[in-house]
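Structure at a glance
Residues per chain are reported as follows:
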Amino acid sequence: SKQRSMSSASSNANARLGEQIWQKMPKMNAEFFTLTYGSLVVQLVKDLEDVQKVNEQLEKMGHSIGMRLVDEFLAKSGVTNCSDFAETADVIAKVAFKMFLGVAVDVTSWNAEKTACSLLLYDNPLADYVELPVNVDLYYSNILCGVIRGALEMVQLRVEAYFVRDTLRGDDVNEIRLELKERIKDEMAEEYRRE
Amino acid sequence: SPTNHRTMPMLLIVGSREPLYEAEFSTGPQSKTEDTAHLNQFILHSAMDMVDDAAQSTNNMYLRIVDRFNDQNVFAFVTAGNIRFLLLHEGRNEEQVKAFFQEVYEAYVKLLMNPFYSYDTPICSTSFDQRIQAIARRYL
């Protein structure tokens, strides 16, 4: 049967690629980045009042970012078609997260069908110095889930991404659950073929 | 009289309109009455004018001893954002208190980086409190 999970050799190659591109990416001051995102979240919390709406809004904003970010990703990384979802997840973790956020991410906890996994973020620059107010059900970094969903949508994968563990909420690590829902059929391609 | 008790050092962080944070640092078993607690606050608040005077006279953030009451010294530190740190302490070691204030300032700046904390408002963060207690144990 076909090898479904990433061999460590391919994963290491992805990690090296991520590191290479990260070196060449233009950088900005980390604290300014953190403060900017923090202001954004706090403003949303003040404007929307309902914290669930804030979580949704962050995800939506991320989705819009992801849809555009994927082009830059593909152009700079040179990554072409992934053979299966396991490779997709590995590329997101080792190449994309590395080149855009400078962080190392691990892929774990695959289900039997290899359609769902977890992304573990040990470091999250968005959340540096942040302390959530008590009793607030906020997923502070939810924008990341939207970015993943938006980016994958542009390569014909419909996914759900959501936080299951968050260091700001008291957990020891950040864990995003990534679930493949459907491969989106390319409608236009079908029409051209018929003609 | 309050001088019969060995009083605990006390840190007060004062904003533009109100105190923002208060911490007492236990240095060992001692009796502390309601009187001593209120007296300490009185001492620190009445020193504020002296702090303002001292702040005007220098560009330094560390203002050293700005006031005395019986055997207690009031040390002061003004941040770049004009927030005042006051330490009530029987000790006289100005260099040690300077180092103490530097670390308190670092903890305070980290707190300011928290987008959920508004500048010049009361400080409720338990992690800030824990950090301050740890700093006090090292220096006082």
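Below you will find a few notes about this structure. Computed from a predicted structure; not experimentally measured.

Below, the discussion takes up the sheet that holds strand β1 (residues 105-108) of chain A. Residue and element names in this part refer to chain A. With antiparallel pairing, four strands are arranged side by side in an open sheet as β1-β2-β4-β3. The sheet is open, and its two borders are formed by β1 and β3 (157-165), each paired with just one other strand. Each adjacent strand pair in this sheet contributes to an overall mean axis angle of 25 degrees, direction not counted. Alignment of β3 against strand β4 (residues 174-183), held across eight bridges, turns out to be antiparallel. Residue L157 lies in a different strand from β4, and its bridge partner there is R183. Packing of helix α5 (residues 143-154) onto the sheet brings it into contact with β2 (116-121), β3 and β4, and relative to β3 it is tilted by some 165 degrees.

Attention shifts here to helix α1 (residues 8-24) of chain A. Residues and elements named next belong to chain A. Along its 17 residues, α1 runs 25 Å from first to last C-alpha, staying within 8% of the 24 Å computed at 1.5 Å per residue. For α1, the full list of buried residues reads S11, N14, G18 and I21. Mapping the buried residues of α1 onto a view down its axis gives an arc of 90 degrees, with all of them on the same face. Exposed and oriented more than 90 degrees from the buried face of α1 are S8, A9, R16, Q23 and K24. In this structure, the buried side of α1 is in contact with α3 (51-77) and α4 (85-101).

Next up on the list: the nonpolar core. Residue and element names in this part refer to chain A. By size, the foremost hydrophobic cluster in this structure holds 36 residues, and its most contacted members are F97, L119, Y140, L144, I148, I176 and L178. A total of six residues in this core trace back to one element, the largest contributor, which is α4. Apart from the residues within four sequence positions on either side, L119 is in contact with A89, I92, A93, F97, V105, D106, V107, I148, N174, E175, I176 and L178.

Moving on, we get to the pattern of salt bridges. The final tally for this structure, using the stated rule, is 14 salt bridges over all chains. Note that E19(A) is salt-bridged to K98(A), the shortest N-O span being 3.5 Å. One end of the pair, E19(A), is in helix α1; the other, K98(A), is in helix α4, and 79 residues separate them in sequence. A relative accessible area of 33% places E19(A) in the partly exposed class. A salt bridge links R138(B) to E103(B), with the nearest nitrogen and oxygen atoms 2.6 Å apart. With R138(B) in helix α4 (residues 126-139) and E103(B) in helix α3 (residues 94-112), this residue pair connects regions lying 35 residues apart in the sequence. Each of R165(A), D172(A) and E175(A) takes part in one network of salt bridges that share partners.

A few words on the packing of aromatic side chains. A complete count under the given rule lists 14 aromatic pairs over all chains for this structure. Their ring planes at 35 degrees and their centres at 6.3 Å tell us that F85(B) and F101(B) sit as a pair that is tilted. Here F85(B) is found in strand β5 (residues 84-89), whereas its partner F101(B) is found in helix α3, with 16 residues between them in sequence. Neither F85(B) nor F101(B) differs from the other in exposure class; each is buried. Through pairs of rings, three or more aromatic residues link up here, namely F25(B), Y62(B), F77(B), F85(B), F100(B), F101(B), Y105(B) and Y108(B). The ring centre of W22(A) lies 4.5 Å from the NZ or CZ of K27(A), which sits over that ring. For the cation-ring pair, R169(A) lies above Y139(A), with the distance from its terminal atom to the ring centre recorded as 3.9 Å.

In this structure, E49(A) takes a positive phi of about 60 degrees despite not being glycine. Structurally, E49(A) can be placed in the loop between α2 (30-48) and α3. The phi angle at N82(B) is positive, at roughly 70 degrees, despite the residue not being glycine. Residue N82(B) is classed as partly exposed on the basis of its relative accessible area of 45%.

Analysis parameters
- Residues numbered from 1 in each chain as written.
- Chains lettered and ligands numbered in written order.
- Predicted model: local features only at pLDDT ≥ 70, side-chain atom pairs only at ≥ 80, totals over all residues.
- Heavy atoms only, no water.
- Pairing = 2+ DSSP bridges.
- Helix = DSSP H or I, 4+ residues; strand = E, 2+ residues; numbered from the N terminus.
- Axes fitted to C-alpha atoms, helices over the stretch in contact; angles between N-to-C directions.
- Contact = heavy atoms within 4.5 Å.
- Expected span 1.5 Å × (residues − 1).
- Buried < 20%, exposed > 50% of the residue type's maximum accessible area, 1.4 Å probe, protein only.
- Arc of directions from axis to C-beta.
- Core = buried A, V, L, I, M, F, W, Y, C linked by side-chain atoms within 4.5 Å.
- Salt bridge = Lys/Arg side-chain N within 4 Å of Asp/Glu carboxyl O.
- Phe/Tyr/Trp six-rings, centres within 6.5 Å; stacked < 30°, edge-to-face > 60°.
- Lys NZ or Arg CZ within 6 Å of the ring centre and 35° of its normal.

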